[in-house]
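This is what each chain is made of:
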Amino acid sequence: MTDNNSANDSKKNLDQKNAQHKKRMQAVKEKVDQRIDNAQEERGLIIVITGNGKGKSTSGFGTVARAVGHGLKAAVVQYIKGTWACGERSLLENAGVGFDVMGTGFTWNTQDKTQDIAAAQQVWLKNKKLLQDESIDVVLMDELTYMVAYKYIELDEVLEALKNRPVNQHAIITGRGCHRAIIDLADTVSEVQSIKHAFDNGIKAQQGIDW
C-alpha cells in the first residue's frame, strides 16, 4: 500500500511539474508570437560584427553562405587581406560570389601608408558600386572598420553609401573598433569578445581553422 501511495505521489508531482512547464512555455510562446507579429517590416539590414574576439569574419561569411544557399546574390569586399589563400573565397567564388580584395595585407607588413591608402581607395570605389547595385542582395565588407579607423576611407563616405544603397540590400561590416556612427546607423550589432585564444598561448594559426 505504501509503495502504491509513493508511486501515486511521484506521478502527481510529475504531472504538476509538467503542467507548470507547459504553462511557462505557453507564456514564452505567446511573447515570441507577439514579437513575430510586431516585426512585419521587410528591408535590407546593416549588420555590424565587431569586438576583439575571433569569429567576426567567420560570422560574416557564414551569413553570405546562408544567403547564397537561399538563392540570394552576394558580393564580398576584403580589406586588410593579402595574397594568401582564403578558404571562404575558394568556396564561395564557385557559388557565384564576387570578391574584391585589397591585397596589400596587414599595415604592419606593408609599412607604407601611402600605398595602403591608395589600395584602400581603389577597393572602396568598387565597394561603392556594389552598394549601388540593385542586383546584389548582400554585400560583405570584411574588415572595413580598420579603414575608417585609420582614415584611409572617410567615415562620411561610408555612411552616405550605406544610407543610399538599394532599399532591400543587406550590408555586413566586420572588424574591431567599429566607429560609433556606423553602430548607430546599423540595425543589428554583435560584439565578439575574446575569452581565450590559442595564438596567445603559442599555438600557430592553422589553415582551414584560423584562415
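Keep in mind that this is a model prediction, so the values were computed, not measured. (Residues numbered from 1 in each chain as written. Predicted model: local features only at pLDDT ≥ 70, side-chain atom pairs only at ≥ 80, totals over all residues. Heavy atoms only, no water.)

Some remarks on the overall build of the protein
A count of helical and extended segments in the protein gives eight helices and six strands. Along the protein, helices and strands appear, N-terminal first, in the series α-β-α-β-α-β-α-α-β-α-α-β-α-β. Expressed as a percentage of its 211 residues, the buried residues of the protein come to 34%. For the protein, the proportion of contacts with a sequence separation of at least 24, taken over those separated by at least 6, is 72%. (Helix = DSSP H or I, 4+ residues; strand = E, 2+ residues; numbered from the N terminus. Buried < 20%, exposed > 50% of the residue type's maximum accessible area, 1.4 Å probe, protein only. Contact = heavy atoms within 4.5 Å.)

Quick notes on unusual backbone geometry
One non-glycine residue with positive phi stands out, namely Glu 143, at about 70°. Checked against the element boundaries, Glu 143 lands in the loop between β4 (138–142) and α6 (144–149). Given the relative accessible area of 13%, Glu 143 is considered buried. Here the phi dihedral of Lys 151 falls at roughly 65°; this positive angle occurs in a residue that is not glycine. With respect to the helices, strands and loops of the structure, Lys 151 is situated in the loop between α6 and α7 (155–163). Among the residues examined, Lys 151 registers a relative accessible area of 64% and is labelled exposed.

Points about helix α5 (residues 113–130)
For α5, which comprises 18 residues, the first-to-last C-alpha distance of 25 Å matches the rise-based estimate of 26 Å (1.5 Å per residue) to within 8%. Within the span of α5, buried status applies to Asp 116, Ala 119, Ala 120, Val 123, Trp 124, Asn 127 and Leu 130. For α5, the arc enclosing every buried residue in end-on projection is 140°, short of the 170-degree limit, so these residues lie on one face. Exposed side of α5, more than 90 degrees from the buried face: Thr 114, Gln 122 and Lys 129 are the residues found there. (Expected span 1.5 Å × (residues − 1). Arc of directions from axis to C-beta.)

Structural notes on the sheet that holds strand β5 (residues 170–174)
Strand order across the open sheet formed by six strands is β3-β2-β4-β5-β1-β6, with parallel pairing between neighbours. The open sheet is flanked by β3 (98–101) and β6 (188–191), the only strands paired with a single partner. Looking at each pair of strands side by side, their axes are set apart by 10° on average, direction ignored. Pairing of β4 with β5, which is carried by four bridges, proceeds in the parallel orientation. Along β5, the bridge assignment pairs Met 141 with Ile 173. (Pairing = 2+ DSSP bridges. Axes fitted to C-alpha atoms, helices over the stretch in contact; angles between N-to-C directions.)

Things to note about the layout of surface pockets
Approximately 230 Å³ is the volume found for the second largest pocket. Along the walls of the second largest pocket sit Gln 40, Glu 41, Glu 42, Arg 43, Gly 44, Leu 45, Leu 72, Asp 137, Asn 168 and His 170, which together make up its complete lining. Residue classes in the lining of the second largest pocket are distributed as two nonpolar, four polar and four charged. (1 Å grid on protein atoms, 1.4 Å probe; cavity = no way out; pocket = protein on both sides within 12 Å on 5 of 7 lines; lining within 4 Å. Points joined across faces, edges and corners; volume = space filled by probe spheres on them. Nonpolar A, V, L, I, M, F, W, Y, C, P; charged D, E, K, R; others polar.)

Observations concerning the packing of aromatic side chains
For the structure shown, the criterion picks out three aromatic pairs. Seen in terms of ring centroids, Tyr 146 and Tyr 150 are 6.2 Å apart; in terms of plane orientation they differ by 45°. Their pairing is tilted. Relative accessible area serves as the criterion here: at 32%, Tyr 150 is assigned to the partly exposed category. Among the aromatic residues, those joined into a ring-pair cluster are Tyr 146, Tyr 150 and Tyr 152. (Phe/Tyr/Trp six-rings, centres within 6.5 Å; stacked < 30°, edge-to-face > 60°.)

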